[in-house]
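# Geometric and topological summary
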Amino acid sequence: MNVYIKRFLENYFVFLGFLVLWELLYLFQVVHSLILPSPHAVFVKFLLFFAEEEFFYNFLATTLRVLVSFILATLLGVSFGLIFGFYTTLDRFTEKSIDFFRSIPGIVLFPLFILFLGVSDFSRIAVAITASGVIILINTKYGLINSSKMRKHFYHLYKLKKSTLLFKVLLPEACPYIFTGLRIAISVTLIVVIVTEMLLGTNYGLGQMLVNSQLQFETDTMYAVIILLGITGSGITFLFNSIEKKIFHWREEK
Amino acid sequence: MKEHAALQIDKLNIRYGQLEVVRSINLNLKKEEVVCLLGPNGCGKSSLLQAIIGLTPYQGFIFTSTAKIDFVSQNPSIMLLPWLTNKQNIVFPSSIKEIDERLLEELLEFTKLKEFRNNYPYELSGGMAQLVLLTRALLHHSSLILLDEPFKSLDFSIAKNLYKKVRDLFEKYTPTVLFVSHNIDEALFLADRIIVLSEKPTQIKKEILVPFGNERELGILNSVHFSELRKEVLNECLH
Ligand SMILES: Nc1ncnc2c1ncn2[C@@H]1O[C@H](COP(=O)(O)OP(=O)(O)O)[C@@H](O)[C@H]1O
Ligand SMILES: [Mg+2]
């Protein structure tokens, strides 16, 4: 029991300190309460979210955009990653262009996609897919290339069929890399979707909620959304880490 | 080509760019013979084994009478798939349906790997990981087995028991074996013949027949005959 309390304090010490500081700032009116509402007001607002229909639609819109983008990015990224990682000639032709695209911050493509696809969810999802798909593609590709180098002896000796080699040897070995790619990609997807929602052209979404609450000085809502995003983000990371520990246990000793 | 040759190597040359590693080596292994390559570090023993399985480019002639070759690497983790259990690794690349399950059980029993069958390779010591690879080779009836320093990561007391086990396995399943070693005792106990190699560019310095017959007990390690042979091999190595 003691150990758990200790662990909890270790993990959340800074966080609790931060809350105390916030409360003090509020109590002594260091910052105007409209700019910095009290933590408990924000907390109440946060709880009230779950009773609001409006919030439900915002949350649903963002979640759907993130999920659709992430799933499509995963399908595309993993498929092309496998192709480029397995057929290294193809990789040589594409490597520099992919590096170029990777270097562009995904979000700046939003205006471009708007030109082609209009101000719609298509543009939003397209940006999110591009930004996160490239990350997944690159991780998959390098995972495959690395495992292929490492297992050269192996497949040379056993003269495996190409499909056996790819799906039974190289792909499982590359999975931890792919998974790391997915973990980064989901955060990127979330960021890109929120930012596109903040920019223009939608009535729903947490990004839109954030901008609106700021414009209307409903700052408690604004802070509550930020905190919600923080919780969602760390929840996703926690989920990925747990899955990673469980299914890639064999990786630890390396 | 000699009859009963399981492996025939003629005028083998291996070089990496400017570096001449192996110079004109001739070597024949009879079927079911166990031969040890003994030589200094970096003299090209691993390169020679890799040439046999086609992983290193070479000049000269290498003939193997069988396609069923297996290789126990110096670095077993390359040959083991870490996400499979030890048993699944032994069975790979076959599926469990394709293999002789009774032989598998027998081998697991014999190698004492049985209790580790559902563990993963990372839970094994380096020597046991190599034993898993050797078991894989035997299960798949590989008729030529190449072993690269199979017991180098074991301390002597463990290695000794393993020598006995491995020699018995060779007796029982009769593969042709070419193995690399730095350890004279290991070479004498396991091999029917020892090939002493020189420094780079590597040539054969001496061949020594080991006169201990097929069935070997650990006791011979303490015999006078054994220490005389050990001296002889040591002299050849230092010469
Ligand atoms: N792929 C390679 N490229 C260049 N040099 C190599 C390569 N592999 C081995 N060598 C060199 O060839 C020599 C023999 O190596 P190796 O066959 O591993 O020796 P051994 O197994 O006898 O210790 C060493 O000097 C090593 O540095
Ligand atoms: Mg070596």
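Presented here is an overview of the structure given in this document. (Residues numbered from 1 in each chain as written. Chains lettered and ligands numbered in written order. Predicted model: local features only at pLDDT ≥ 70, side-chain atom pairs only at ≥ 80, totals over all residues. Heavy atoms only, no water.)

## Here's the deal with the overall build of chain A
Within chain A, the regular secondary structure consists of ten helices and zero strands. Helices (α) and strands (β) of chain A occur, in sequence order from the N terminus, as α-α-α-α-α-α-α-α-α-α. Across its three principal directions, the C-alpha atoms of chain A cover 75 × 60 × 30 Å. The buried share among the 254 residues of chain A stands at 43%. If you take every contact in chain A between residues at least 6 apart in sequence, the share linking residues at least 24 apart comes to 70%. Carbon and sulfur atoms make up 72% of the accessible area of chain A, which amounts to about 15,000 Å² in all. Within chain A, the 16 negative side-chain charges are centred at a point lying 18 Å from the centre of the 21 positive side-chain charges. (Helix = DSSP H or I, 4+ residues; strand = E, 2+ residues; numbered from the N terminus. Buried < 20%, exposed > 50% of the residue type's maximum accessible area, 1.4 Å probe, protein only. Contact = heavy atoms within 4.5 Å. Areas by Shrake-Rupley, 256 points an atom, 1.4 Å probe, with all protein chains shown as cover. Lys, Arg positive; Asp, Glu negative; His and termini not counted. Charge placed at Lys NZ, Arg CZ, Asp CG, Glu CD.)

## Details of the interface of chain B and chain A
Listed by partner, the interface residues are 19 residues for chain B and 17 residues for chain A. Of the roughly 1,900 Å² buried between chain B and chain A on both sides combined, carbon and sulfur atoms contribute 72%. Its largest share of buried area at the contact with chain A, chain B owes to L55(B), W83(B) and Y122(B), together 35% of the area lost on that side. Counting across the interface, chain B meets chain A through zero salt bridges. Taken together, the connections running from chain B to chain A amount to six residue pairs in polar contact (both at pLDDT 80 or more). The dominant element in the side of chain B that touches chain A, judged by the number of residues it contributes, is strand β5 (residues 69–72) of chain B, at three residues. Residue composition of the side of chain B that touches chain A, by class: 14 nonpolar, three polar and two charged. (Buried area = accessible area lost by both parts, 1.4 Å probe. Salt bridge = Lys/Arg side-chain N within 4 Å of Asp/Glu carboxyl O. Polar contact = N/O pair within 3.5 Å; in protein donor to acceptor, adjacent residues only side chain to side chain. Nonpolar A, V, L, I, M, F, W, Y, C, P; charged D, E, K, R; others polar.)

## Remarks on the sheet that holds strand β1 (residues 5–16) of chain B
Residues and elements named next belong to chain B. Taking strand neighbours across the sheet as the criterion, the three strands line up as β2-β1-β4 in an open arrangement whose pairing is antiparallel. The sheet is open, and its two edges are formed by β2 (19–30) and β4 (59–64), each paired on a single side. Each strand axis lies, on average, 15 degrees off the axis of its neighbour in the sheet, ignoring direction. Bridging between β1 and β4 involves five bridges; their strand directions are antiparallel. Residue I9 lies in a different strand from β4, and its bridge partner there is I62. Strand contacts of helix α1 (residues 45–52): β1, β2 and β4, with the helix running at about 120 degrees to β1, the strand carrying the most contacts. (Pairing = 2+ DSSP bridges. Axes fitted to C-alpha atoms, helices over the stretch in contact; angles between N-to-C directions.)

## A word on the site of ligand 1
All names here are of chain B. Every residue close to ligand 1 is listed here: Y16, L19, V21, N41, G42, C43, G44, K45, S46, S47 and K200. Here a nitrogen atom of ligand 1 sits 3.4 Å away from a polar atom, N or O, in the side chain of Y16. Contact with the protein chains hides 59% of the accessible area of ligand 1, taken as 560 Å² for the molecule alone. Secondary-structure elements contributing two or more residues to the shell around ligand 1 are β2 and α1. Element by element, the count of residues in the shell around ligand 1 is highest for α1, at three residues. Grouping the constituent residues of the shell around ligand 1 by class yields four nonpolar, five polar and two charged. (Near = heavy atom within 4 Å.)

## Notes on the nonpolar core
In this structure, L37(B), I52(B), L134(B), L146(B), L178(B) and I194(B) are the most contacted members of the largest nonpolar core, which totals 110 residues. Other than its neighbours up to four places away in sequence, L134(B) contacts V72(B), I145(B), L147(B), V166(B), L169(B) and F170(B). By size, the runner-up hydrophobic cluster in this structure holds 28 residues, among which are L36(A), A126(A), I194(A) and A224(A). (Core = buried A, V, L, I, M, F, W, Y, C linked by side-chain atoms within 4.5 Å.)

## Topic: helix α5 (residues 110–117) of chain A
Residue and element names in this part refer to chain A. All buried positions along α5 are accounted for by F110, F113 and I114. Each buried residue of α5 sits inside an arc of 105 degrees when the element is viewed along its axis, so together they form one side. Seen from the open side of α5, the exposed residues pointing more than 90 degrees away from its buried face are P111, L115 and F116. Residues of α5 that are buried make contact with α6 (121–150) and α8 (162–199). Downstream of α5 by a residue or two, G118 has a phi angle that is positive, lying close to 80 degrees. (Arc of directions from axis to C-beta.)

## Concerning the sheet that holds β5(B)
Residue and element names in this part refer to chain B. Ordered by their spatial adjacency, six strands build an open sheet running β5-β6-β7-β3-β8-β9, and the pairing between neighbours is mixed. Each end of this open sheet is capped by a strand with a single partner; those strands are β5 and β9 (204–209). Averaged over neighbouring strand pairs, the angle between their axes works out to 15 degrees when direction is ignored. Taken together, the five bridges between strand β6 (residues 144–148) and strand β7 (residues 176–181) define a ladder with parallel strand orientation. In the strand pairing of β7, L144 is matched with T176. Against the sheet, helix α7 (residues 224–238) touches β3 (34–38), β8 (193–197) and β9, its axis set at about 175 degrees to β9.

## Considerations on the side chain of D185(B)
Within the fold, D185(B) resides in helix α6 (residues 184–190). If sequence neighbours within four positions are ignored, D185(B) has contacts with F156(B), L221(B), F226(B) and R230(B).

## Let's talk about unusual backbone geometry
Of note, the amide linkage connecting F92(B) to P93(B) takes the cis form, showing an omega dihedral of 5 degrees. With an omega dihedral of -15 degrees, the bond running from K200(B) to P201(B) counts as a cis peptide bond. With respect to the helices, strands and loops of the structure, P201(B) is situated in the loop between β8 and β9. A positive phi is found at F217(A), a non-glycine position, where the angle reads about 55 degrees. By the element assignment, F217(A) lies in the loop between α9 (206–215) and α10 (219–247). With phi around 60 degrees, K112(B) is a residue other than glycine that occupies positive phi space. With respect to the helices, strands and loops of the structure, K112(B) is situated in the loop between α3 (101–111) and α4 (126–139).

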